[in-house]
Amino acid sequence: MNELRVSIERLALGEQTLVEGLEFRVAGGQVLSLMGPSGSGKSSILAFVAGFLDPAFHVSGAVTLNGKDITALPPEERHMSLLFQDPLLFAHMSVGQNLRFGMPRALSRQEKAQRVGDALAAADLGGFDDRDPARLSGGQKARIALLRALLSEPKALLLDEPFSKLDSHLRQSFRAFVRHRAKQANLPLILVTHDQHDAAALGGACLAIGPVQS
Amino acid sequence: MLLRAAPYGVLILLLVPLLGGLLGTLLPAFGYLPALGGDHFSLAPWRQLLAWPGLGKALGLSLWTGLAATLLSFLLAQFALAMLVASPWLRRLTLLTAPIIAIPHAAIAVGLLFLLSPSGWILRLLSPGITGFQRPPDWLIIGDAWGLSLILGLVIKELPYLLFMSLAALSQLPAERSLMVARSLGQTRLSAWFRAILPQLYPHLRLPLMAVLAFSLSVVDMALILGPNTPSTLAVQVLRWFSDPDLDFRYLASAGASLLTLVMLTSLAIWLLAERLVRHLGGGFLAWGVHRPRPWGRWLERASAIPAWVAVLLGMMALVPLAVWSLARRWRFPDALPSRWSLARWQQQAEALGEAWVNTLVLAAVACGISLVLVLASLEKEARFGRRLPRRGTELLKYLPLIVPQASFLFGFQVMALSLGLANSGLGRWGLVVWAHLLYVLPYSFIALTLAYQRFDPRLVQTAQSLGQGPWRIFWRIKLPLLSPAIWAALGIGVAVSVTQYLPTLLLGGGRIETLAVETVGRAAGGDRRVLAVFALCQAVLPFVALLLAGLIPRLQFWNRRGVWS
């Protein structure tokens, strides 16, 4: 059972404190939405969890995954998959190469092909293995990006405004896709958004991040 | 570890020859050159220099050609831009200028020689029909005492460069909209350009203009081919003294080279002073207001882009007689084309040509390879660990070799290398020539790659990291392939820059490394136009092909990955 715990005593940029005394835990299959206006530090929290926090920030706190403190680990050893508002597929790779990029190297070639094929088929993208990512639609790219994250066998999913650039129709179906997949993989999921509908659609708890009064 | 050292390595690589070279020029100028027995300081070299009867003329000629060429290139580029921005003709003009930027100075100079000389192609086309000449007239067109043909040659080469730099800067300014606003307020195009756009644009052009000025003042290859020799420009004269078999001339040469540095600083001061003056007087000019153009004013305005077109078309036309002469067997004067063609010169020169090609390509490949590694390492270090060195200072230092005149430190660099015994072996000479090429290839590689590297989306790296990949794997598997268009462009530009280098190759190679540039300039003095054409044509074609390939390869490599190159 995966479980992600985050505690932040203080997160500051220069003199300005953005977050103070924040603690939360997300269990596998659960969703936590961090909501707040831009500049509130919600994306910085996500960056802290994923290990990408810019050195300009000062933070004291800890990230614990399944009881293990991973605060000091470099991002590539944390097993947290991060999705942004852009799908950020690697343009020089085919769809299939993108999907294989994060898969464990120990897997055999057939095993990888099998998993990629299954993942694509289950996402209504069967036969897309050799496609050029530049020639996909926005919704297809978003789904590939999520599949790429899932195939890397992460222990948690971190989503940073992943729906904000999709049009309303696509947004709904992609939300459902994400919710279904995260539940299926039994992953803790943290969503950063400024849109209440995103949070509501994924279900789960909601944390408001606001400016710290000092 | 190595990665962290890269930016320092780059600076050392660039500054050692530069500072050492300046010192190696200055010390012998004051009589100190232990390798030749000069072990005490004296003013004798300067006295000797001042006693040289041609000094005043040579000095004046250098100043005049350098300043005139720079000013003219700048003004013609601005008039052309004023008239052509936001019109389809701008694209057409820049399309024509692109090859001229790539083609080496020496090759253009030879082409102009074939085009403009009394027995050149233009007079051939006009004779005898229009001029009535049956034999070439006894005119001094190329190598005229005023250096006009040299100025023309420089303008043809530098105008496209300034045009290109202006367009690059304009892409960051709201130029088209400013122009529209100004014109809707009743300003003519020209007036709007010089009052509303140029003042915003000029600060971005200052560095390129300095580079053009430094280059024009100390140019050797083009001045050898197009410049006067009664006397020559100071840079050419310094090279003559320096190459004199009598080694005692080294002192005189060093004094001359130091004087050239002084001339460069003086003309820089003149330029900056003029800049001040224009700004001071310009305030009134800016607020002059609108006046209704008279009809002739309108025609004059329309005509103001023509000189730029003429310069660019002359540059393109200069390539034609190169090809024709290289294949000519018999070409009597008024004939427009040879009466008999042959490949004889190509066959006859095959051996020398082959050697020059191999040397040129090996030099270019080594210099470009080294500089690519260094530039990528520096940029990757900066991306991963941030910068240690202050931005403003080091940026300028990186581009210093482009601004310091070649003649003022290359002689000293060679003197230094000789004194240290570096130039005694063949390998040593090759190493030195590669180093000298790096001085020019490295800054241009930085120009080509820095922006692409800084614009690289950091979220792509973060995505790859969150997929469990370490920094080196991300560098090889994500960054390099995605940056391949910029990397190939840097390589293409690097080859083009390396192929151009005449003075560095000649001096540091001790005249023993024959490249296309060395051969072309060397043979310009000789008699056979056909042989000269063969070498000049090769020198012109090589950078062109390199840039073409640099544009094509990433498209072929990633033909089915549109996102990489579009």
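Residues numbered from 1 in each chain as written. Chains lettered and ligands numbered in written order. Predicted model: local features only at pLDDT ≥ 70, side-chain atom pairs only at ≥ 80, totals over all residues.

1. Considerations on the overall build of chain A
A tally of helices and strands in chain A yields six helices and nine strands. Computed over its C-alpha atoms, the radius of gyration of chain A comes to 17 Å, within 12% of the 17 Å expected for a compact globule of 214 residues. With the C-alpha coordinates of chain A rotated into their principal frame, the extents come out at 55 × 40 × 30 Å. Per-residue burial over chain A gives 42% buried out of 214 residues. Counting only contacts in chain A whose residues sit at least 6 apart along the sequence, the fraction spanning at least 24 positions is 75%. (Helix = DSSP H or I, 4+ residues; strand = E, 2+ residues; numbered from the N terminus. Rg over C-alpha atoms; globule rule 2.2 N^0.38 Å. Buried ≥ 20, exposed ≤ 12 C-beta atoms within 10 Å, placed from the backbone. Contact = placed C-beta atoms within 7 Å.)

2. A closer look at the sheet that holds strand β7 (residues 156-160) of chain A
Residues and elements named next belong to chain A. Taken together, the five strands give an open sheet; going across it, the order is β6-β7-β8-β3-β9, and neighbouring strands pair in parallel fashion. The open sheet has two free edges, formed respectively by β6 (80-83) and β9 (205-208), since each of these has just one partner strand. In this sheet, adjacent strand axes meet at a mean angle of 15 degrees when their direction is disregarded. Pairing between β6 and β7: four bridges, direction parallel. (Pairing = 2+ DSSP bridges. Axes fitted to C-alpha atoms, helices over the stretch in contact; angles between N-to-C directions.)

3. Observations regarding the sheet that holds strand β1 (residues 3-13) of chain A
Residues and elements named next belong to chain A. If you trace the four strands from one edge of the open sheet to the other, you get β2-β1-β4-β5, paired in antiparallel fashion. Each having just a single partner strand, β2 (16-27) and β5 (68-69) make up the two edges of the open sheet. Judged from the nine bridges that link them, β1 and strand β4 (residues 57-65) form a sheet pairing that is antiparallel. If you follow S7 over to β4, its bridge partner there is A62. Across the sheet, helix α1 (residues 42-50) touches β1, β2 and β4, and the angle it forms with β1 is around 125 degrees.

4. A closer look at the interface of chain A and chain B
Many descriptions give the size of an interface as the accessible area lost when the pieces come together. Contacts between the two partners involve 21 residues from chain A, matched on the other side by 20 residues from chain B. At three residues, β6(A) tops the list of elements feeding residues into the side of chain A that touches chain B. Residues that form the side of chain A that touches chain B fall into these classes: twelve nonpolar, five polar and four charged. (Nonpolar A, V, L, I, M, F, W, Y, C, P; charged D, E, K, R; others polar.)

5. Observations concerning unusual backbone geometry
Residues and elements named next belong to chain A. With a phi close to 55 degrees, E153 is a non-glycine residue in the positive phi region. In this fold, E153 is placed in the loop between α4 (138-151) and β7. Look at E153 and you get partly exposed, because 17 C-beta atoms sit within 10 Å. For N186, which is not glycine, the phi dihedral falls at a positive 60 degrees. Along the chain, N186 falls in the loop between α5 (168-185) and β8 (189-193).

6. Overview of helix α9 (residues 189-218) of chain B
The end-to-end C-alpha distance of α9(B) is 36 Å, clearly below the 44 Å that 30 residues give at a rise of 1.5 Å each. The largest bend in α9(B) amounts to roughly 55 degrees and is located at B:L198, with the proline B:P199 lying one to four residues further along. (Expected span 1.5 Å × (residues − 1). Bend = angle between axes of the 7 residues up to and from the residue.)

7. Points about the environment of A:N2
Residue and element names in this part refer to chain A. Here N2 is to be found in the segment before β1. The sequence separation of N2 and P188 amounts to 186 residues, and the corresponding C-alpha distance is 6.8 Å. With near-sequence residues (within four places) excluded, N2 lies in contact with G28, N66, K155, A156, N186, L187 and P188.

8. Observations concerning the packing of helix α3 (residues 55-84) of chain B against helix α14 (residues 306-317) of chain B
Helix-helix packing: each pair is described by the crossing angle between the helix axes and the interaxial distance. Residue and element names in this part refer to chain B. Here α3 crosses α14 at 115 degrees, and the two axes come no closer than 8 Å. Relative to α14, α3 is oriented roughly perpendicular. Read as a crossing pair, α3 and α14 show a hand that is left-handed. Contacts from L76, A77, F79 and A80 in α3 reach P307, A308 and A311 in α14. For the contact of α3 with α14, the class distribution of residues is seven nonpolar, no polar and no charged. (Parallel < 35°, antiparallel > 145°, perpendicular 65-115°, else oblique. Left-handed = near helix turned anticlockwise from the far one by under 90°.)

9. Description of the nonpolar core
All names here are of chain B. Formed by 224 residues in total, the largest nonpolar core has its most connected members in A80 and V238. When residues of this core are assigned to their parent elements, the largest contribution, 14 residues, is made by helix α20 (residues 426-455). Counting contributing residues, this core receives three or more from each of domain 1 (1-27 + 345-566) and domain 2 (52-289 + 300-332). (Core = buried A, V, L, I, M, F, W, Y, C linked by C-beta atoms within 7 Å. Domains from an automatic or database assignment.)

10. A closer look at the domain arrangement of chain B
Residue and element names in this part refer to chain B. Taken domain by domain, chain B consists of domain 1 (1-27 + 345-566) and domain 2 (52-289 + 300-332). Taken together, the contact pairs 33 residues of domain 1 with 35 residues of domain 2. Of all the secondary-structure elements, those providing two or more residues to the side of domain 1 that touches domain 2 are α1 (2-29), α16 (344-348), α18 (391-403), α19 (406-419), α23 (484-500), α25 (516-524) and α26 (529-557). Per-element tally for the side of domain 1 that touches domain 2: the top contributor is α26, with twelve residues.

11. Quick word on the confidence of the model for chain B
All names here are of chain B. In this model, chain B carries an average pLDDT of 89, and 98% of its residues clear a pLDDT of 70 or more. When pLDDT is averaged over each helix and strand of chain B, the minimum, 77, is found for helix α13 (residues 295-303) and the maximum, 95, for α23. The ipTM value of the predicted complex is 0.88, and its pTM value is 0.88. (pLDDT = per-residue confidence, 0-100.)

12. Some details on α23(B)
Along its 17 residues, α23(B) runs 24 Å from first to last C-alpha, staying within 8% of the 24 Å computed at 1.5 Å per residue. α23(B) sits mainly inside the fold: 14 of its 17 residues count as buried.

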